[in-house]
Amino acid sequence: MFKNNQHRWLLAFCAVCFSLLSGFTVIGHRGDPINAPEETFQSIDMAFSQGANYVELDLHESEDGVLVISHDRNLQRVTGVDTIVSQNTFAKLSTLKMSNGEPIHSVEQLFQHYQNNPNAKFLIETKKTKKGNPQDMEAKLVALIQKYQMQDRIMVHSFSIKSLMNMQKLMPQIPRIFIVGSLQRISFESFKYADGINISSELVTPTIIKQLHYLHQKVYVWNEMAENQTTWNWLVNLNVDGVVTNYPALGRHYQAAQDQADIKNLDTTGQVNSLTNLPTIENPYELTTAKTPAKAGHTYQITQTITIDDQTYYRIGTNRFVLSDTINVGQTAQAAALLVGKSIQVKNQPLSIPTWNSPIHPTQMTGHLIANSHHQILAVRYVGNRVWFKVKGGWVKSQQTQINLAPSTDQSQLVWHFYRQLPAQLRQTNLTILPTPLTFLNPVKASPPPKPLLQFATAWSNPTIKS
């Protein structure tokens, strides 16, 4: 008994690991219907060759009880012949040809054809009437799955909750997915029989996905056969478990991009510590520019980091990402904000210092700064125990420079005051501040600081999310 429980736990653990490592599942909708006639072996083969993990197929039952692969009950659209599946024998249906010359196939023929190809996996939709007919469809499907040992290569989905109930009784290890075209169809009753929900992309939202995952339901999305690049730019950022797509090659492209990326969830706020606004993108995989930039000095909720091709991006919205080079979090943001816009002087040794392409992934030198030259700090980034400054030529390490506050101004005195209040690990002993000797304003004799400085002090002590 203990060994059986261990074995079950190990299988469950492996399944969880696989789901975490493999990202979303690409499911070819009726194969690869754009490049070959739908639900033919040619279409199925093309979908798998394009990178589909599963191929989605539909079932009807012939007059003599054979499970037939077809989306439509009437074969007029795909064969040119006005023939209803349930009113004809499979022998007669087999004489009808698709545009590529292939006949209509049965499920048994499908399993025979792909029996020895372990990578050929199928998501099968059971087509049922409102009264639940044909009543024996699930029993026949299960018998064929067992006959050809396809148990580990089949998932079932359906608009019929009755069909999923039957599958749960007959073969509970087969994943069952409830297809919904309306949010009203999703209910706790359906969760008794389904492991997942297949929902239209027109209805799905991040909140719905989060709620369904909380209820231990996987989320699959289908797209009304109207996909395009813009849709994928949005869809790939959703935490879905699978996509039923007419474009398996495009789905595989995004799946591979996610597989190559280092994706981590995060829950914090970050501030844009830069003099200029930052462009945002719809996703890190295509770098399509979003309309609204991230504003300089503003703070944003960060929910995810994605590192790909030596670039790290922060997710600051459902379809909004920004390069993380100039964004700091927590107290580092407060420290960095004090230094943005100030000037630096390169130390007199060595004769020049290199500038780099990025503070987080400094893989390329972009130029050099001459010793004793002066430059404005365009942006600041804390990386571990180091601080980087962005200047016109690129990024430099702060310990190779001296920070120069404009002397004898109320603002420089206030900045210096707040800087000295920072925790020691943020002040960095390798930073050299070069103001003239400062005597902070006498609280009795001095006039109150001007309004802008009061606003600065308030922002320092009570930062808020401004966008």
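Under an unreviewed UniProt entry, the protein has the name GP-PDE domain-containing protein and belongs to Latilactobacillus fuchuensis DSM 14340 = JCM 11249.

Q: If you had to explain the sheet that holds strand β15 (residues 343-346) to someone new, which residues and values would you point to?
A: Across the sheet, three strands lie side by side as β18-β15-β22; this open sheet has antiparallel pairing. Edge positions in the sheet fall to β18 (374-376) and β22 (401-404), since each has one partner strand and no second. Each strand axis lies, on average, 30° off the axis of its neighbour in the sheet, ignoring direction. As judged from the three bridges shared by β15 and β18, these two strands associate in the antiparallel manner. Within the sheet, the bridge partner assigned to Ser343 lies in β18 and is Gln376.

Q: Quick rundown of the side chain of Ser324? Include the residues and the values.
A: Take Ser324: it is sitting in the loop between β13 (320-323) and β14 (327-329). Classification of Ser324 as buried rests on a relative accessible area of 0%. A distance of 2.9 Å separates a polar side-chain atom of Ser324 from the backbone oxygen of Thr312.

Q: If you had to explain the pattern of salt bridges to someone new, which residues and values would you point to?
A: In this structure the tally under the stated criterion is 13 salt bridges. In this structure, Glu125 engages Lys127 in a salt bridge whose closest nitrogen and oxygen atoms are separated by 3.1 Å. Each member of the pair, Glu125 as well as Lys127, is classed as buried. Taking the shortest distance from any N to any O, the salt bridge between Lys128 and Glu138 comes out at 3.1 Å. Pair noted here: Lys128 is in the loop between β4 (122-126) and α6 (137-147) and Glu138 is in helix α6, with a separation of 10 residues, a long-range link. Relative accessible area serves as the criterion here: at 17%, Lys128 is assigned to the buried category.

Q: Describe empty space enclosed by the protein, with residues and values.
A: Where empty space is left becomes clear once a probe the size of a water molecule has been rolled over the atoms. Going through the model one piece at a time under the given rule, you end up with one cavity of 30 Å³ or more. Along the walls of the largest cavity sit Glu38, Glu39, Ile69, Ser70, His71, Asp72, Arg77, Val78, Met98, Pro103, Ile104 and His105, which together make up its complete lining. Looking at the lining of the largest cavity residue by residue, the class counts come to five nonpolar, three polar and four charged.

Q: Can you lay out the side chain of Glu138 for me, pointing to particular residues and giving the numbers?
A: Since its relative accessible area comes to 1%, Glu138 is described here as buried. Separated by 2.6 Å, the side chains of Glu138 and Ser163 make a polar contact. Residue contacts for Glu138: discarding those within four places in its chain leaves Thr126, Lys128, Ser163, Asn166, Met167 and Leu170.

Scoring rules and cut-offs
- Residues numbered from 1 in each chain as written.
- Predicted model: local features only at pLDDT ≥ 70, side-chain atom pairs only at ≥ 80, totals over all residues.
- Heavy atoms only, no water.
- Pairing = 2+ DSSP bridges.
- Helix = DSSP H or I, 4+ residues; strand = E, 2+ residues; numbered from the N terminus.
- Axes fitted to C-alpha atoms, helices over the stretch in contact; angles between N-to-C directions.
- Buried < 20%, exposed > 50% of the residue type's maximum accessible area, 1.4 Å probe, protein only.
- Polar contact = N/O pair within 3.5 Å; in protein donor to acceptor, adjacent residues only side chain to side chain.
- Salt bridge = Lys/Arg side-chain N within 4 Å of Asp/Glu carboxyl O.
- 1 Å grid on protein atoms, 1.4 Å probe; cavity = no way out; pocket = protein on both sides within 12 Å on 5 of 7 lines; lining within 4 Å.
- Points joined across faces, edges and corners; volume = space filled by probe spheres on them.
- Nonpolar A, V, L, I, M, F, W, Y, C, P; charged D, E, K, R; others polar.
- Contact = heavy atoms within 4.5 Å.

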